[in-house]
Amino acid sequence: MSQTVTSRRQRHWDLRAAGNFIGGGTGSGLIVVAAIAAVAGEPFRLPLALGLGFVAAGLSLVWLEIGKPWRAFNVFFHPRTSWMTREGIVATVLIPLGAAAVAADSVPAAVLAALLAAGFLFCQARILRAARGIPAWRQGELMPLILATGLAEGSGVFLLAGAHAVPWLTLTLFALLAREGAWLAYRAGLAGTPAAARALGVFATPPARLARAAQLAGLAAVALALGFALLAAPGTPELPATLLAWAGGVLAALSGWGVKALLITRAAFIRAVVLPVVPTRGSGGRGSGGSHARAV
Amino acid sequence: MTRYVMVADLRRCVGCQTCTAACKEGNGTPPGVQWRRVLDLETGTYPNVNRVFVPVGCQHCANPPCMEVCPSTATGQRADGIVTIDYELCIGCSYCAMACPYDARSMVDHAEYAFGEQPTAVEATRIGRERIGVATKCTFCAGRIDAGTARGLVPGQDPEATPLCVNSCISGALRFGDIEDKDGPIATLLAENQWFRMHESEGTEPGFYYIWDKGTL
Ligand code: SF4
Ligand code: SF4
């Protein structure tokens, strides 16, 4: 049985809410990569500070969106079931701990911050998964996509922060490939979910195609930069590899931001009313309806 | 235990929207916000098409996803099954609106009036400033139920203890009452007719039943 479509696009979360998922994803990914750098004995304070900045900026954007910003503290009241409360609690530990790691140049604190950042990103993925009104967010394949996108964005920004030696290019390439796989799985999942059909349409629009092209171009740029870094003979100028790494980093981040903006603000259709059966109007017999009132 | 539910007889509803108007008038909801809506759907494929009118709104789910996600605990549930919003706790994050599979929640962030900048005389008496910047939805007219039951009246049978939409329904399509009253009119109505609930697969256990006897699959 077909019926007219009744699903509406959600009207409450705009680019400010999308900004929380953008800042949270990029920031968490960056913090994780910074901690890996810390363990590897590389400089990590700048990317770690930048990652914390992204997370804080995302949370500030969402604070600007809520209807009662001066009651924001109430967000902490429901840890038992609300992933939004859990996200808030993790953030309140992550930000001071990360700041302490930066201030004290502490590798253990950076590692702890990375664990919290991974938890923060997990909470964000679960926030979307728990939104039962929106089929495109309910899709099981969205969880790995959000996690892989965060890592891809974070490692992309890490390349911009100046580190584009082979290990970091390899890590970024791995993250981009993981995001690619997660994206394809998510698209396939949407295609198999009738309730999410309209979201699939959004991912076929020109802005989505642009984000997708940027995603693939970023992947190609990082792969080429890695190829240059691995194969270049000693004494070869580094500039081409550096430019490719920067381009790849920018595209890795921007394409993820574009997809998330579309996912939150455009592909978010609330479940349609679905009638499993159609009544024959006027067939209600005596006694099945009628006056409900004892006295009028 | 009491569990209040609503029943919409889809065979009887003529899509007149009287319930929508009664709810708006009684609850003073602002322009663009309808706690009770009646959808006008076309189903089937030409030439075998049907038109069906479907009253919708908060389904007062037994397992409400809106309550599960709410970070502030503003969304709660009473012992009689009515899902509530505490306007003093709500932070206006709208997460509940994303979690509701029934598109039942609204939020406005500034006062709006039907005719321009100033409220009409009626609007001035009805506007609820506490409802700006927070989530709102159908309350099953909980205030009427509480006031009525305190006087010994029976919701669904005595109009003064019954939701306004049900009182106003011109065709008797909307019914209300305690489904746990095994010999009561709601339990009898559901026992005698075929019904479905929307999005059962979500496990929300909605408190809104749609009767469709002798229809088509
Ligand atoms: S219909 Fe929506 S708002 Fe009402 S209780 Fe169910 S999930 Fe919550
Ligand atoms: S808008 Fe209010 S009721 Fe809805 S989830 Fe946020 S705090 Fe809870």
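Scroll up to find the structure.
Here the structure is a predicted model, which is why all the values come from computation and not from measurement.

Parameters and conventions
Residues numbered from 1 in each chain as written. Chains lettered and ligands numbered in written order. Predicted model: local features only at pLDDT ≥ 70, side-chain atom pairs only at ≥ 80, totals over all residues. Heavy atoms only, no water. Helix = DSSP H or I, 4+ residues; strand = E, 2+ residues; numbered from the N terminus. Buried < 20%, exposed > 50% of the residue type's maximum accessible area, 1.4 Å probe, protein only. Contact = heavy atoms within 4.5 Å. Areas by Shrake-Rupley, 256 points an atom, 1.4 Å probe, with all protein chains shown as cover. Lys, Arg positive; Asp, Glu negative; His and termini not counted. Charge placed at Lys NZ, Arg CZ, Asp CG, Glu CD. Near = heavy atom within 4 Å. Nonpolar A, V, L, I, M, F, W, Y, C, P; charged D, E, K, R; others polar. Phe/Tyr/Trp six-rings, centres within 6.5 Å; stacked < 30°, edge-to-face > 60°. Buried area = accessible area lost by both parts, 1.4 Å probe. Salt bridge = Lys/Arg side-chain N within 4 Å of Asp/Glu carboxyl O. Polar contact = N/O pair within 3.5 Å; in protein donor to acceptor, adjacent residues only side chain to side chain. Axes fitted to C-alpha atoms, helices over the stretch in contact; angles between N-to-C directions. Left-handed = near helix turned anticlockwise from the far one by under 90°. Core = buried A, V, L, I, M, F, W, Y, C linked by side-chain atoms within 4.5 Å. Pairing = 2+ DSSP bridges.

Student: What's the story with the overall build of chain A in this structure? I'm lost.
Tutor: The secondary structure content of chain A amounts to 10 helices and zero strands. Ordered by position from the N terminus, the helices and strands of chain A form the series α-α-α-α-α-α-α-α-α-α. The proportion of buried residues among the 296 residues of chain A is 49%. Of the contacts made within chain A by residues no fewer than 6 positions apart, 78% connect residues no fewer than 24 positions apart. Surface accessibility of chain A: about 12600 Å² in total, with carbon and sulfur atoms responsible for 71%. The average position of the 24 basic charges and that of the 9 acidic charges among the side chains of chain A differ by 22 Å.

Student: What should I look at first to understand the site of ligand 1 in this one?
Tutor: Residues in contact with ligand 1, as listed here, are Cys58(B), Gln59(B), His60(B), Cys61(B), Pro64(B), Pro65(B), Cys66(B), Val83(B), Cys100(B), Tyr102(B), Arg105(B) and Lys137(B). Taken together, the residues of the shell around ligand 1 sort by class into eight nonpolar, two polar and two charged.

Student: Before we go on, may I ask you to explain the packing of aromatic side chains in this structure?
Tutor: The geometry of an aromatic ring pair comes down to the distance between the two centres and the angle between the two planes. All names here are of chain B. Enumeration over the complete set of coordinates arrives at 17 aromatic pairs over all chains. On the basis of an interplanar angle of 85° and a centroid distance of 5.1 Å, the ring pair of Phe-140 and Phe-176 is categorised as edge-to-face. Of this pair, Phe-140 sits in the loop between β7 (135-136) and α5 (142-150) while Phe-176 sits in strand β8 (residues 174-178), placing them 36 residues apart in sequence. For Phe-176, a relative accessible area of 2% translates into the label buried. Ring centres of Phe-196 and Tyr-210 lie 5.4 Å apart, and the angle between their planes is 25°; this geometry places the pair in the stacked category.

Student: Help me understand the interface of chain A and chain B in this model?
Tutor: Size of an interface: often given as the accessible area lost when the parts come together. With 59 residues of chain A at the interface, the matching set in chain B holds 70 residues. Counting the surface lost from both chain A and chain B, the interface buries some 5400 Å², and carbon and sulfur atoms represent 55% of this. Summed over the shared surface of chain A and chain B, the result is six salt bridges. The residue Glu202(B) makes a salt bridge to Arg132(A) at a minimum N-O spacing of 4.0 Å. The interface formed by chain A and chain B includes 23 residue pairs in polar contact (both at pLDDT 80 or more).

Student: Is there a simple way to explain the packing of helix α4 (residues 107-129) of chain A against helix α6 (residues 142-160) of chain A in this structure?
Tutor: Any two packed helices are characterised by the angle at which their axes cross and by the distance between the axes. Residues and elements named next belong to chain A. At a closest axis distance of 9 Å, the pairing of α4 and α6 adopts a crossing angle of 145°. The two elements α4 and α6 cross, and the hand of that crossing is right-handed. Taken together, the residues of α6 that come into contact with α4 (itself represented by Leu-121, Phe-122, Ala-125, Arg-126, Leu-128 and Arg-129) are Leu-142, Met-143, Ile-146, Leu-147 and Gly-150. A per-class count over the contact of α4 with α6 returns eight nonpolar, one polar and two charged.

Student: I keep staring at the nonpolar core and nothing clicks. Help me out?
Tutor: Soluble globular proteins: nonpolar side chains tend toward being buried together. Counting residues in each nonpolar core, the largest one holds 86 residues, and the members touching the most others are Trp13(A), Ile31(A), Trp137(A), Tyr186(A), Phe203(A) and Tyr95(B). With 11 residues, the top contributor of residues to this core is α4(A). Every residue in contact with Trp13(A), bar those within four places of it in the chain, is listed here: Phe21(A), Glu65(A), Met84(A), Ile127(A), Trp137(A), Ile264(A), Thr265(A), Cys93(B), Ser94(B), Tyr95(B) and Met98(B). If you look at the next biggest cluster of nonpolar residues, it comprises 52 residues, including Cys23(B), Val33(B), Val83(B) and Cys96(B).

Student: Please clarify how the pairing of strand β2 (residues 37-45) of chain B should be interpreted in this entry.
Tutor: A regular strand carries its side chains on alternate faces of the sheet. Residue and element names in this part refer to chain B. Across nine bridges, the pairing between β2 and strand β3 (residues 48-56) is antiparallel. Bridge pairing in β3 links Leu-39 to Val-54. Hairpin connection, β2 to β3: the antiparallel pair is bridged by two residues.

Student: I tried to follow the pattern of salt bridges on my own but got confused; where do I start?
Tutor: Two side chains that carry opposite charge are able to pair once their charged atoms sit near each other. Under the criterion given, the structure shown has 20 salt bridges over all chains. Linking Asp14(A) and Arg16(A) is a salt bridge whose minimum nitrogen-to-oxygen distance equals 2.7 Å. Between Glu68(B) and Arg132(A) there is a salt bridge, and its shortest N-O distance comes to 3.3 Å. Of this pair, Glu68(B) sits in helix α2 (residues 65-69) while Arg132(A) sits in the loop between α4 and α5 (135-138), which puts the two residues in different chains. Glu68(B) gets classed as partly exposed once you look at its relative accessible area, which sits at 33%. Overlapping salt bridges bring together Arg132(A), Arg138(A), Arg271(A), Glu68(B) and Glu202(B) as one network.

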